[in-house]
Amino acid sequence: MADQKTKEKYAELALRTGVNLQKNQALMINAPIEGADFTRIVARKAYELGAKDVHINWADDELTLLKYENAPDEVIEDFPEWRVKLYESYAEDGAAVLSIRSTNPDLLKDIDSSRVAMANKASAQAMKNFRQYTMNDRITWSIISIPTGDWAQKVFPDKSRENAVASLWDAIVKIVRVDQADPIAAWDAHNETLKTAREILNRKKYTKLIYKAPGTDLEIGLPQGHIWKGGSAVSEQGTTFNPNMPTEEVFSLPHKYHVNGTVASTKPLNYGGSLIDNFSLTFKDGKVVDYKAEQGEETLKHLLETDEGASRLGEVALVPHESPVSQSGLIFYNTLFDENASCHIALGKAYPTNLEGGAAMDDQELDKHGVNDSLTHVDFMIGSENLDIDGVLEDGTTEAVFRNGTWALNVKGD
Ligand code: ZN
Ligand code: ZN
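Keep in mind the model is a prediction, meaning the values are calculated, not measured.

### Some remarks on the pairing of strand β5 (residues 208-213)
So, point 1. Sheet topology places β5 next to strand β6 (residues 216-221); six bridges connect them, and they run antiparallel. Looking at the pairing, A213 lines up with T216 of β6.
So, point 2. As paired elements, β5 and strand β18 (residues 388-392) share five bridges and run antiparallel to each other. Of the residues in β18, the one forming a bridge with Y211 is I389.

Spelled out as structure tokens, the structure:
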């Protein structure tokens with residue numbers, strides 16, 4: 001079980017390395033009510049670091065479930081204007097946004113998936129403007145997690161609730177490097193490694209990546225001017241921050257019209273409280289033309305039908321199979337962790353900042369450059385120790401990028 005001191009180290013890491021909170025800046029925290037103790041530690045530290053205001057949006061799984069079970073469709077498909085205004089006004093004020101994601105992966109498993117899809121779509125539509133602040137790095141933002149009882153028991157089904165929470169704390173603390181003497185220094189070093197990897201890939205300028213693994217034979221075209229990112233990011237105001245903790249990936253954007261072949265998932269996907277597992281997608285000219293799933297096929301169908309862009313790719317990410325998340329040997333049923341165990345791709349919106357000049361382009365220009373747009377962005381895992389990836393250089397020659405699930409390129413700089 002993480003003790004008070006460990007939690008304080010984690011809170012400080014989230015504020016300094018995560019959102020990099022500045023003096024006189026406001027902080028908005030999205031937090032699970034079950035994590036109130038930890039959230040208060042974060043709030044106190046934030047004020048110590050000079051925050052002018054800490055606003056917390058409490059989430060409660062039980063109340064969310066009650067609403068899905070009881071509220072009529074017109075309430076489910078309404079995302080209130082006041083909530084949009086709340087987020088937008090903090091963003092306009094240049095606030096930092098810290099989200100603590102700890103939802104029970106099975107929370108909505110008995111809810112009609114069309115109602116869940118309705119709510120997800122409504123929130124995506126309403127928050128379109130706010131999302132520009134995060135997806136274009138106009139503000140500093142970060143996503144972290146802490147254990148909650150239901151989630152911990154999903155990860156450790158054989159343990160008591162209390163022991164499951166303690167075990168999940170232990171796993172998270174190790175993965176986010178809070179167990180180290182100086183977690184902030186550990187993250188600085190980690191960010192350097194990710195920087196080396198993305199710099200190599202940015203020099204290579206591959207025109208496409210070719211993925212081969214059991215059930216997978218996929219070509220992903222990369223647009224001209226694509227940029228590999230990873231680790232820390234820099235906001236419009238020039239503040240360095242870490243959007244995800246943990247993060248083990250370097251990522252870029254696929255060309256929305258140049259993806260062909262079939263890809264098989266390697267981990268379950270928790271989509272808004274519903275699980276999709278053992279699924280595969282077949283692409284032609286960038287679009288999903290066929291799909292199947294052993295579990296959650298209806299949910300997958302709803303996801304793909306969210307809008308036109310939901311059946312095209314918006315992210316390609318490389319994560320070595322020996323990442324600390326992968327080494328934990330656990331399945332977290334939480335994308336923040338699972339995506340950092342494994343190479344992944346995302347359906348839906350691409351980050352315009354992954355293209356040279358992309359942040360300043362309008363929708364039409366982005367489309368012309370192959371940048372996908374959608375209300376949704378959903379990562380899913382395709383990496384394993386059996387994955388090989390080749391890169392095709394501009395002169396047409398092919399070289400190994402990944403072999404047996406890990407880097408074939410010299411990213412360690414030795
Ligand atoms: Zn990613
Ligand atoms: Zn993603």
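### As for a negative patch on the surface
So, point 1. Taken together, D182, D188, E192 and E199 make up a surface patch of like negative charges.
So, point 2. Note on placement: E192 falls in helix α10 (residues 183-204).
So, point 3. Of the residues examined, E192 reaches a relative accessible area of 46% and is grouped as partly exposed.

### What about the coordination of the zinc ion (ligand 2)?
So, point 1. Protein coordination at the zinc ion (ligand 2): the donors are E315 (OE), H377 (NE2), D379 (OD) and D379 (OD), at 2.0 to 2.5 Å from the metal.
So, point 2. Between the donor residues of the zinc ion (ligand 2), the gaps in sequence give the motif E-x61-H-x1-D.
So, point 3. Between the zinc ion (ligand 2) and the zinc ion (ligand 1), a separation of 3.5 Å is found, and both are coordinated by E315. Here E315, found in strand β15 (residues 313-318), pairs with H377, found in strand β17 (residues 377-381); they are 62 residues apart in sequence, far enough to count as distant.
So, point 4. Looking at E315, the relative accessible area reads 3%, which means it is buried.

Conventions we followed
- Residues numbered from 1 in each chain as written.
- Chains lettered and ligands numbered in written order.
- Predicted model: local features only at pLDDT ≥ 70, side-chain atom pairs only at ≥ 80, totals over all residues.
- Heavy atoms only, no water.
- Pairing = 2+ DSSP bridges.
- Helix = DSSP H or I, 4+ residues; strand = E, 2+ residues; numbered from the N terminus.
- Patch = residues over 30% accessible without salt bridge, like charges linked within 9 Å, V, L, I, M, F, W, Y side chains within 5 Å.
- Areas by Shrake-Rupley, 256 points an atom, 1.4 Å probe, with all protein chains shown as cover.
- Salt bridge = Lys/Arg side-chain N within 4 Å of Asp/Glu carboxyl O.
- Lys, Arg positive; Asp, Glu negative; His and termini not counted.
- Charge placed at Lys NZ, Arg CZ, Asp CG, Glu CD.
- Buried < 20%, exposed > 50% of the residue type's maximum accessible area, 1.4 Å probe, protein only.
- Donors = N, O, S within 2.8 Å, 3.2 Å for Na, K, Ca; no water.

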